[in-house]
Amino acid sequence: MGSLARALEAFFTSRGLAMATDQDDRLAVGRRQRRVLAVPEPLRPSVEAFSDFMIHSRERSRRAGTLPRTDGTIEGALAIVRDLALFLAGERGKQDWALTDVHDLEAFLASSPKARKRRLVVLGQFFRFVRSRKIVLVDPARGLTAGGPSGFTGATLTLDQQRLLFRRWTTDPAVHPHEALLGMLALLHGASSREVKMLQTVDLDFHARTARLGDRPHPVPLDPLSWAAVERCLAHREDQKTDNPHVMVTRQTKSGRGPASTAYVSHVLDACGFPPRMIRCTRLLELVGLDPGC
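Residues numbered from 1 in each chain as written. Predicted model: local features only at pLDDT ≥ 70, side-chain atom pairs only at ≥ 80, totals over all residues. Heavy atoms only, no water.

Chemist: Please give an account of the overall build of the protein that cites residues and values.
Modeler: Counting secondary structure elements, the protein contains twelve helices and three strands. With the C-alpha coordinates aligned to their principal axes, the bounding extent of the protein is approximately 65 × 55 × 35 Å. Here the protein holds 294 residues, and the buried ones make up 38% of them. The contacts in the protein between residues at least 6 apart in sequence include a share of 56% that link residues at least 24 apart. As displayed, the protein offers around 17000 Å² of accessible surface, 55% of which is attributable to carbon and sulfur atoms. (Helix = DSSP H or I, 4+ residues; strand = E, 2+ residues; numbered from the N terminus. Buried < 20%, exposed > 50% of the residue type's maximum accessible area, 1.4 Å probe, protein only. Contact = heavy atoms within 4.5 Å. Areas by Shrake-Rupley, 256 points an atom, 1.4 Å probe, with all protein chains shown as cover.)

Here it is, written out as structure tokens:
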């Protein structure tokens, strides 16, 4: 779908004149197929069956009212299994899942130590599945552990860096409103990129100067400088003459009603030199340190 088709879909569905298309579902199917087709042919049938199993499990979760896997979770799992299959075929010379042993998995996990925990979770799910289908007799991932520290090990900002960013977002008029909004909400309120991109005008209380961020149970009171960043973003939105309900509106989303893309939000803070996650983690660690119950 092109931008015009997406804009027309948003217009007609918002007014109850048409039903939404299955564009997102079809795109997700294509992404899953590309991951499966990248698997070497002898190992591919098991990965394809694992993909179908995750889709069917998601449908059961939806019917049961439990938390289903998202498309991103399923695609991430398939990517990990695909990488393992390519590693087995290319590095270990194995074309059968039944030949996989714990040493193969350890070598695969060692190739990306930072991703060990996530990879190990997916490998455990995959090998439990293929063992239930009698494709392998022994689960090679059963005895493996994530290892390493269980606490937070990421990078955070120094106090001087926080001050520099704070002055940048509150005093420099050349900074883009979206950067100032995401930066201030992350630095002072621990907001995630998703919480900011999903923020809508109806989530703002202009009298109390609060904002509903994500699934937080209570509105978040905003300090004067954070509220000033919100007002700059609203003024930027007003200039675009859009009906999009979100506070952060881009050139691609001004003709529709959807939020800014994940790719766009992930690069909003590129100019300041620090990623959103690092800024948010700095604030969250400070909040944990202030909480005597933690």
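Chemist: Tell me about the pattern of salt bridges, and please be specific about residues and values.
Modeler: The full count for this structure, using the stated rule, is 13 salt bridges. Here Lys94 makes a salt bridge to Asp104, at a shortest N to O gap of 2.4 Å. Highlighted residues: Lys94 in the loop between helix H4 (71-90) and helix H5 (102-110) and Asp104 in helix H5, separated in sequence by ten residues. On the basis of relative accessible area, Asp104 is assigned to the buried category, the value being 2%. One salt bridge in this structure joins Arg216 and Glu195, with 3.1 Å as the shortest N-O distance. With Arg216 in the loop between strand E2 (210-211) and strand E3 (220-221) and Glu195 in helix H9 (residues 193-197), the pair connects residues that are 21 residues apart, well separated along the chain. With relative accessibility at 13%, the residue Glu195 sits in the buried group. (Salt bridge = Lys/Arg side-chain N within 4 Å of Asp/Glu carboxyl O.)

Chemist: Hey, could you go over the packing of aromatic side chains for me, with residue numbers and the actual values?
Modeler: Using the criterion set out here, one finds eight aromatic pairs in the structure. Note on Phe87 and Phe108: the rings are 5.8 Å apart at their centroids and 50° apart in plane angle, and the pair reads as tilted. Remark: Phe108 occurs in helix H5 and Phe87 occurs in helix H4; sequence separation between them is 21 residues. For Phe108, a relative accessible area of 2% translates into the label buried. A centroid spacing of 6.1 Å and a plane angle of 80° characterise the contact between Trp97 and Phe127, whose relative ring orientation is edge-to-face. A residue pair is termed long-range when its members are at least 10 positions apart, and Trp97 in the loop between H4 and H5 and Phe127 in helix H6 (residues 116-132) qualify at 30 residues. A residue is classified by how much of its surface remains accessible, and Phe127, at 0% relative accessible area, is buried. Pairwise contacts between aromatic rings join Phe50, Phe53, Trp97, Phe126, Phe127 and Phe129 into one cluster. Over the ring of Phe108 we find Arg119, and its NZ or CZ is 4.1 Å from the ring centre. (Phe/Tyr/Trp six-rings, centres within 6.5 Å; stacked < 30°, edge-to-face > 60°. Lys NZ or Arg CZ within 6 Å of the ring centre and 35° of its normal.)

Chemist: Any chance you could break down the environment of Arg280 for me, citing the residues and the numbers?
Modeler: Considering the arrangement of structural elements, one finds Arg280 in helix H12 (residues 276-290). You can call Arg280 partly exposed: its relative accessible area is 28%. When the C-alpha atoms of Arg280 and Arg6 are compared, they prove to be 32 Å apart, with 274 residues separating the residues in sequence.

Chemist: Tell me about the nonpolar core, residues and numbers included.
Modeler: As a rule of thumb, soluble globular proteins bury nonpolar side chains together. Ranked by internal contacts, the top residues of the largest apolar core, which has 34 residues, are Trp169, Leu181, Leu204 and Ile279. Mapped onto this core, the elements with two or more residues apiece are helix H7 (159-171), helix H8 (177-189), helix H10 (224-239) and H12. When near neighbours in sequence (up to four residues on either side) are disregarded, Trp169 contacts Val175, Glu179, Ala180, Gly183, Met184, Leu187, Leu269, Cys272 and Ile279. Counting 30 residues, the second largest nonpolar core, distinct from the first, contains Ile74, Ala77, Val122 and Phe127. (Core = buried A, V, L, I, M, F, W, Y, C linked by side-chain atoms within 4.5 Å.)

Chemist: Lay out unusual backbone geometry in plain terms, naming residues and giving numbers.
Modeler: For Lys134, which is not glycine, the phi torsion reads 60° and is therefore positive. Given the relative accessible area of 65%, Lys134 is considered exposed. Of note, Lys241 is a non-glycine position whose phi angle comes to about 50°, a positive value. Within the fold, Lys241 resides in the loop between H10 and helix H11 (262-266).

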